[in-house]
Amino acid sequence: MEFESYEDAYNYYNCYAKEVGFRVRVKNSWFKRNSREKYGAVLCCSSQGFKRVKDVNRLRKETRTGCPAMIRMRLADSQRWRVLEVSLEHNHLLGAKIYRSIKKMATGNKRKLQKSSDVEVQTIKLYRALVIDAGGNNGHPSSNAREIRKISEVPNQLNLRKGDAQAIHNYLCRMQLTNPNFFYLMDLNDEGHLRNVFWIDARSRASCSYFSDVFYIDSTYLSNKYEIPLVAFIGSNHHGQSVLLGCGLLAGETRESYTWLLKAWLTCVSGHGPQTIITDRCKALRSAIGEVFPRSHHRFGLSHVMKRVPEKLGGLRNYDAIRLALMKAVYDSLKVLEFEAAWSFMVQRFGVGDHEWLQSLYEDRVLWVPVYLKDTFFAGMSSARPGETLTPFFDRYVHKQTPLKEFLDKYELALHKKHKQETLADIESRSSGPTLKTRCSFELQLSKLYTREIFKKFQFEVEEMYSCFSTTQIHIDGPIVIFLVKERVLGEGSRRDIRDYEVLYNKSAGEVRCICSCFNFYGYLCRHAMCVLNFNGVEEIPSRYMLSRWKKDYKRLYIPDQISTDVDATDQVQWYSQLHRSALQVVEEGVISLDHYSIAIQALEESLNRVHVVEDKQD
């Protein structure tokens with residue numbers, strides 16, 4: 001944990017001590033030599049240590065027991081006080097919750113001492129949120145069943161049942177003890193009540209290192225008034241599977257809450273923002289993203305928009321015809337002029353020019369219509385084709401009435417299942433090669449590199465090259481050549497239509513770009529681009545179009561945030577982070593085969609034994 005000041009940290013630990021039933025003593029303090037500014041401290045239980053030998057003969061009874069309970073903290077580079085070490089175990093009975101710790105003030109003047117109670121009221125609120133709110137209704141039990149059901153309907157406060165705050169606290173504490181690299185932050189209102197929470201487990205933090213280039217923020221549970229006000233960060237891994245990149249509970253759909261959540265996520269990934277963020281059409285979230293991620297591309301999920309069509313347009317006359325016209329304009333337009341013409345035709349033909357929802361969609365068209373998003377990279381999360389959706393990570397685990405305590409159990413179950421799916425997909429991709437269906441050199445090339453699921457999608461494009469029956473050069477501009485590729489596509493009913501696709505090709509730069517923009521939407525080249533490469537005698541996909549994020553050994557070859565050789569001799573948090581990253585690479589290599597596993601586990605055990613030797617020498 002981190003605190004804004006030493007006083008905040010002291011008051012928090014003192015509050016905890018009062019609740020548990022012991023007194024706090026300052027064991028050690030460290031000050032800078034010149035400024036006398038405090039930069040380190042150890043707070044301990046008053047029963048820590050033993051009396052000095054010269055004090056033994058005094059009549060006062062020995063009360064110390066050598067208790068190990070303590071916290072050690074230090075002023076970090078961020079000018080916040082960071083807890084570096086914690087021991088919660090006591091070796092003696094704990095008393096009633098009535099102890100008072102006498103706080104030693106640096107200046108010692110009476111005026112500051114008189115103000116200490118006011119300071120404590122402000123800094124104590126973090127602990128109050130966890131302990132007092134845990135009982136529900138601000139700690140005052142109510143006989144009214146309706147008040148037990150919901151303890152908060154305040155917009156500035158997390159909407160919780162009785163006991164939910166304690167459940168959150170217990171869960172986060174347990175995860176921090178059992179899950180290495182677990183991270184969480186809590187946000188409190190001025191009254192000290194829990195307002196927003198963010199957390200991310202170690203595996204999800206590792207996934208952020210690999211797959212946070214594109215993610216969507218799933219706020220369905222919050223916007224649809226579920227029992228749990230959940231917001232989830234969802235990415236796509238090297239198999240195209242959804243992967244969790246963090247979770248939050250918010251007091252409401254406000255700009256302030258979303259801004260806090262996004263900043264919390266940014267903190268845990270060391271300030272590296274995503275390339276693309278996908279959300280629903282929430283104004284508050286849009287504003288927050290503009291503030292926290294000004295350089296990221298923010299786009300609305302097309303599937304979110306299309307999912308609301310029945311709700312928003314279902315009552316209109318000629319609804320079926322309007323829906324078909326809308327889908328044709330959205331999904332079939334290859335050029336902006338085509339979309340504008342199709343939209344204008346729909347509006348005029350069905351007289352829906354005054355429809356408020358359609359008007360708002362048109363105003364936001366550059367954020368969700370595929371024809372405007374061709375320069376945005378989506379890593380397969382664009383849902384740019386009919387029927388494609390962004391599947392919620394907790395689908396089938398959470399329904400509208402799922403209580404928070406049940407969700408915390410299901411959260412771990414969902415993560416375990418997703419992790420198992422990824423592991424099985426890794427094993428399948430590495431153990432055997434896919435079956436080739438053509439003699440195309442492109443297919444053979446990527447069959448050796450890509451994971452099985454991504455390769456299947458690419459393989460389909462290779463097969464569909466045979467539906468493209470004409471590749472013609474239509475324009476030359478220096479090194480850039482424009483080709484026209486004709487394809488037979490399935491039209492209405494069962495008839496086959498012919499569509500024209502323009503493809504830009506620059507041989508010297510190794511660049512090929514199709515008007516369908518399959519590469520930016522899905523991360524692999526389309527049939528039309530490959531037809532142009534084939535036409536020009538190119539036998540291999542250019543390296544710029546072979547994305548590392550789809551490779552079966554991506555997590556083995558890519559080391560996020562290269563481990564620094566500059567180690568701070570006093571920063572144990574930095575030591576931990578670098579050791580964790582190094583160990584993670586051993587884990588990724590160790591699951592390739594049984595032989596890899598045996599070597600990896602042996603190396604880890606040898607490393608641990610060598611560390612124990614160092615401990616023995618120091619003793």
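The structure presented is a predicted model; accordingly, all values stated were derived computationally and were not measured.

Criteria and thresholds
- Residues numbered from 1 in each chain as written.
- Predicted model: local features only at pLDDT ≥ 70, side-chain atom pairs only at ≥ 80, totals over all residues.
- Heavy atoms only, no water.
- Helix = DSSP H or I, 4+ residues; strand = E, 2+ residues; numbered from the N terminus.
- Buried < 20%, exposed > 50% of the residue type's maximum accessible area, 1.4 Å probe, protein only.
- Contact = heavy atoms within 4.5 Å.
- Areas by Shrake-Rupley, 256 points an atom, 1.4 Å probe, with all protein chains shown as cover.
- Pairing = 2+ DSSP bridges.
- Axes fitted to C-alpha atoms, helices over the stretch in contact; angles between N-to-C directions.
- Parallel < 35°, antiparallel > 145°, perpendicular 65-115°, else oblique.
- UniProt positions renumbered as here; feature names shortened; annotations may be inferred.
- Expected span 1.5 Å × (residues − 1).
- Salt bridge = Lys/Arg side-chain N within 4 Å of Asp/Glu carboxyl O.

## Overview of the overall build of the chain
Argument step 1. If you tally the helices and strands in the chain, you get 22 helices and 16 strands.
Argument step 2. In the chain, which comprises 619 residues, the share counted as buried stands at 46%.
Argument step 3. Contacts in the chain between residues at least 24 apart in sequence constitute 59% of all its contacts with a sequence separation of at least 6.
Argument step 4. Element-wise, carbon and sulfur atoms account for 51% of the exposed surface of the chain, whose accessible area totals about 33600 Å².

## Let's talk about the environment of Met175
Argument step 1. Structurally, Met175 can be placed in helix H5 (residues 164–178).
Argument step 2. A relative accessible area of 5% means that Met175 is categorised as buried.
Argument step 3. Each C-alpha atom, one on Met175 and one on Asp201, is 7.8 Å from the other, the two residues being 26 residues apart in sequence.
Argument step 4. Excluding residues that lie within four positions of it along the chain, Met175 makes contacts with Phe182, Asp201 and Glu412.

## Concerning the sheet that holds strand S1 (residues 2–3)
Argument step 1. With antiparallel pairing, the five strands of this open sheet are ordered in space as S1-S5-S4-S3-S2. In this open sheet, the two strands that pair with only one neighbour each are S1 and strand S2 (24–31).

## Some words on the packing of H5 against helix H15 (residues 404–431)
Argument step 1. Here H5 crosses H15 at 20°, and the two axes come no closer than 9 Å. Judged on the interaxial angle alone, H15 and H5 are roughly parallel. On the side of H5, the interface is formed by Asp164, Ala167, Ile168, Tyr171, Arg174 and Met175, while H15 contributes Leu404, Lys405, Leu408, Tyr411 and Glu412.

## A word on the UniProt feature "domain: SWIM-type" (unreviewed entry) in the chain
Argument step 1. Mapped onto the present numbering, the UniProt feature "domain: SWIM-type" (unreviewed entry) falls on residues 501–537.
Argument step 2. Taken as a whole, residues 501–537 contains 38% helix and 27% strand, while its terminal C-alpha atoms sit 20 Å from one another.

## Side note on H5
Argument step 1. Helix length check: H5, at 15 residues, gives a terminal C-alpha distance of 21 Å against a target of 21 Å (1.5 Å per residue), a fit within 8%.
Argument step 2. Within H5, the full set of buried residues consists of Asp164, Ala165, Ala167, Ile168, His169, Tyr171, Leu172 and Met175.

## Comments concerning the sheet that holds strand S13 (residues 468–477)
Argument step 1. With respect to topology, four strands assemble into an open sheet ordered S13-S14-S15-S16, the strand pairing being antiparallel. What marks the edges here is a single partner per strand, and that holds for S13 and strand S16 (511–514). This sheet shows a mean twist of 25° between the axes of neighbouring strands, independent of strand direction.
Argument step 2. Both S13 and strand S14 (residues 480–490) contribute to a ladder of eight bridges, which runs antiparallel. Bridge assignment links Ile476 to a residue of S14, and that residue is Val481.
Argument step 3. Along the sheet, helix H19 (residues 527–535) makes contact with S13, S14, strand S15 (496–506) and S16, crossing S14 at roughly 130°.

## Brief notes about H15
Argument step 1. When the terminal C-alpha atoms of H15 are compared, their 40 Å separation across 28 residues agrees well with the 40 Å that a helix rising 1.5 Å per residue should span.
Argument step 2. Regarding H15, the residues found buried are Leu404, Phe407, Leu408, Tyr411, Ala414, Leu415, Glu422, Ala425, Asp426 and Ser429.

## Here's the deal with the pattern of salt bridges
Argument step 1. The full count for this structure, using the stated rule, is 29 salt bridges.
Argument step 2. For Glu291, the salt bridge goes to Lys263, with nearest N and O atoms at 3.6 Å. Of this pair, Glu291 sits in helix H9 (residues 283–292) while Lys263 sits in helix H8 (residues 255–268), and the two are 28 residues apart along the sequence.
Argument step 3. Classification of Lys263 by relative accessible area gives partly exposed; the value is 43%.
Argument step 4. The closest approach of N and O atoms between Arg513 and Asp375, which form a salt bridge, is 3.3 Å. With Arg513 in strand S16 and Asp375 in the loop between helix H14 (356–363) and H15, this pair connects stretches of sequence that are 138 residues apart.

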